[in-house]
Amino acid sequence: MDNWKPSTKAVHAGTKRSQFGELSEAIFMTQGFLYDSAEQAEARFIEAGEEEFIYARYGNPTVAMFEERMAAIEGAEDAFATASGMAAVNGALMALVKAGDHVVAARALFGSCLFIVDEILPTFGVDVTLVDGTDLDAWREAVRPDTKVCFLEAISNPTLEVIDIAGVSEIAHAAGAVVVVDNVFATPVFQRSLELGADVVVYSATKHIDGQGRCLGGIVLGTKEFVRGPLQTYLKHTGAALSPFNAWVMVKGLETLALRCEAQAASATYLADKLKGHKSLSRVLHPFSEDHPQQALAKKQMTRGGTMLSLELAGGKDAAFKFLNALQIVRISNNLGDAKSIVTHPATTTHQRLSDEQRAGLGISDGLVRISIGLEDRDDLLDDMLAALAG
Ligand SMILES: *Cc1c(COP(=O)(O)O)cnc(C)c1O
């Protein structure tokens, strides 16, 4: 299996079959597991083997299929699945830091990720420095001998800035810190963060991995030592376990992940090119656009520019709201990575909680809209957007 390409692993890796030899993966909807004898129970509590389970909060065969398949695709030694992306981010960070430690994080983070590093960690005595993630000098200045973690989203939400993972990793590792990458926007298909230097990769499986807007889920990937050590210890006792049903949805999602992401990303790049220069738009943001300030870095790190596209309407909030309300195919919601195209107005929804100053610092203007490109025909999407821009 080790020589299989990621798309083959996405269909076959990690499959566990019962005595019935079912072709499709089974949902093991069970909390507990039986032991043949008291001795076997004792032995399993001392050390559970790979295919031995104790209780679904610790592990479950369907959840293990998702973990093993994801680890195979990502090129990670091991993985632990969680009930949501935020449980994964929280688990990864909590397993790595303690009171008195220092964390450096990129400032442009998903709202709840920012809440963890900016509000929760400091209340537990962790010192946090936020930096402009695209500025390697800022990372260099911020790391200290007590820095334990550098945390970033490789492509920022919603302005789609690109962070140099190899550059940040070099700086972090020189200081003895671990690099944790939230790779949701880049997807497991387009970016191999571990090969670029990251130590731990986190996903909200709710996004592209499910890909059809059904279930919450998350996963943390890294070395066996980390995953089966401090991470598993933290997660199994704090109860962020993924439900076997949701794990099954994610396993089946992985089978079509590459196909979906390739199609969605090709449409995103196509739409960015077609919309560029439109008189109602002051900015068209997509990592693979010619005019993206970090296009070269994006092309170095990723095989495609991702499935997201952000547009800035020159007419500010009024124009943005008119645009959202006029769209027929692209629907207003705040999820992403879905088969259905989705539009979000970050300033009044996902980033509403920030101050005007914070929003300005992140480039989130009142005219900015974020679009997650789905699986619809790309020309239908273009027509929908052009008609909505025309008002
Ligand atoms: C959605 C998202 C999360 C949180 O995931 P949930 O599954 O909603 O908990 C974390 N990081 C990024 C970048 C996200 O887009």
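Residues numbered from 1 in each chain as written. Predicted model: local features only at pLDDT ≥ 70, side-chain atom pairs only at ≥ 80, totals over all residues. Heavy atoms only, no water.

**Comments concerning the environment of Ala-198**
What counts, and what does not: A run of H or I in DSSP counts as a helix once it spans at least four residues, and a run of E counts as a strand once it spans at least two, with each numbered from the N terminus. Partly exposed residues are those whose accessible area sits between 20% and 50% of the maximum for their type, while under 20% is buried and over 50% is exposed, using a 1.4 Å probe and protein chains only. In this description, contact between two residues means that some pair of their heavy atoms is separated by no more than 4.5 Å.
Mapped onto the elements of the fold, Ala-198 is located in the loop between α9 (193-196) and β6 (200-204). Since its relative accessible area comes to 6%, Ala-198 is described here as buried. Considered as a pair, Ala-198 and Ala-64 are 134 residues apart in the sequence and their alpha carbons are 23 Å apart. Residues within four places of Ala-198 in sequence aside, it is in contact with Ile-165, Ser-169, Val-179, Val-181 and Ser-193.

**Focus on unusual backbone geometry**
That bond from Asn-157 to Pro-158 is cis: its omega, 0 degrees, falls within 30 degrees of zero. Considering the arrangement of structural elements, one finds Pro-158 in the loop between β4 (147-153) and α7 (165-174). The phi dihedral of Leu-160 is positive, around 60 degrees, even though this residue is not glycine. Structurally, the position occupied by Leu-160 is in the loop between β4 and α7.

**Quick notes on the packing of helix α3 (residues 61-74) against helix α11 (residues 244-275)**
We count it as follows: To obtain an axis, a line is fitted to C-alpha atoms, over the contacting stretch when the element is a helix, and the angle between two such axes runs from 0 to 180 degrees between their N-to-C directions. A crossing counts as left-handed when the near helix is turned anticlockwise from the far one by less than a right angle, and as right-handed when that turn is clockwise. In this classification, Asp, Glu, Lys and Arg are treated as charged, Ala, Val, Leu, Ile, Met, Phe, Trp, Tyr, Cys and Pro as nonpolar, and every other residue, Gly included, as polar.
Viewed as axis vectors pointing N to C, α3 and α11 meet at an angle of 35 degrees, and their least axial separation amounts to 8 Å. Of the two elements, α3 crosses α11, and the hand of that crossing is left-handed. Between α3, through Thr-62, Val-63, Met-65, Phe-66, Arg-69, Met-70 and Ile-73, and α11, the contact on the second element is made entirely by Pro-244, Ala-247, Trp-248, Met-250, Val-251, Leu-254 and Glu-255. Partitioned by chemical class, the residues of the contact of α3 with α11 number eleven nonpolar, one polar and two charged.

**Examining the environment of Ala-320**
Looking at where Ala-320 falls in the secondary structure, it is placed in helix α13 (residues 316-326). The spatial distance from the C-alpha of Ala-320 to the C-alpha of Gly-367 is 5.3 Å, given a sequence separation of 47 residues. Every residue in contact with Ala-320, bar those within four places of it in the chain, is listed here: Leu-313, His-345, Asp-366, Gly-367 and Val-369.

**Comments concerning a negative patch on the surface**
Here is the rule we go by: Patch membership needs two things, relative accessible area over 30% and no salt bridge, and members are linked within 9 Å if like-charged or within 5 Å if nonpolar (Val, Leu, Ile, Met, Phe, Trp, Tyr). Each accessible area is a Shrake-Rupley estimate made with a 1.4 Å probe; only the visible protein chains count as cover when residues are assessed. Basic side-chain nitrogens of Lys or Arg form a salt bridge, by our definition, when they fall within 4 Å of a carboxyl oxygen of Asp or Glu. Note on charges: Lys and Arg go in the positive column, Asp and Glu in the negative column, and His and the chain ends are not counted at all. To locate a charge, the coordinates of NZ of Lys, CZ of Arg, CG of Asp or CD of Glu are taken.
A cluster of like negative charges, contributed by Asp-132, Asp-135, Glu-141 and Glu-161, occupies part of the molecular surface. Looking at where Asp-135 falls in the secondary structure, it is placed in the loop between β3 (127-131) and α6 (136-142). With a relative accessible area of 32%, Asp-135 lands in the partly exposed category.

**Structural notes on the site of the ligand**
Note the threshold: We call a residue near a molecule or strand as soon as one heavy atom of that residue lies within 4 Å of the molecule or strand. Distance and chemistry together define a polar contact, namely a pair of N or O atoms within 3.5 Å, with one atom able to donate a hydrogen and the other to accept it when in protein, and with adjacent residues in sequence counting only for side-chain atoms on both sides.
Within the structure, the ligand sits among 14 residues, and Gly-85, Asp-182, Ser-204, Thr-206 and Lys-207 are positioned closest to it. Ser-204 places a polar side-chain atom, nitrogen or oxygen, 2.8 Å from an oxygen atom of the ligand. Here the ligand has 380 Å² of accessible area as a free molecule, and 92% of this is covered by the chains.

**Regarding the nonpolar core**
Stated formally: Residues grouped as a nonpolar core are buried Ala, Val, Leu, Ile, Met, Phe, Trp, Tyr and Cys residues, joined through side-chain atoms within 4.5 Å. The domain limits used here are those given by an automatic or database domain assignment.
Judged by nonpolar contacts, the single largest core of 40 residues is most densely connected at Phe-66, Met-70, Ile-209, Ile-219 and Leu-221. For this core, the secondary structure elements donating two or more residues are α3, β1 (78-82), β6, β7 (218-222), α11 and α12 (295-301). With eight residues, the single largest contributor to this core is α11. Domain assignment of the residues forming this core places at least three in each of domain 1 (6-254) and domain 2 (258-390).

**Comments concerning the domain arrangement of the protein chain**
We apply this condition: In short, buried area is how much 1.4 Å probe accessible area vanishes from two parts on joining, totalled over both.
Once the domains are mapped, the protein chain shows domain 1 (6-254) and domain 2 (258-390). Between domain 1 and domain 2, the C-alpha centre-to-centre distance is 27 Å. Counting from both sides, the interface comprises 36 residues of domain 1 and, opposite them, 35 residues of domain 2. Between domain 1 and domain 2 the total buried area reaches about 2900 Å² when both faces are included, carbon and sulfur atoms providing 60% of it. The interface formed by domain 1 and domain 2 holds 14 residue pairs in polar contact (both at pLDDT 80 or more) in total. Sorting the residues of the side of domain 1 that touches domain 2 by element identifies α5 (111-123), α7 and α8 (187-190) as the ones contributing at least two each. When residues of the side of domain 1 that touches domain 2 are assigned to their parent elements, the largest contribution, four residues, is made by α5. Counted by class, the side of domain 1 that touches domain 2 contains 18 nonpolar, twelve polar and six charged residues.

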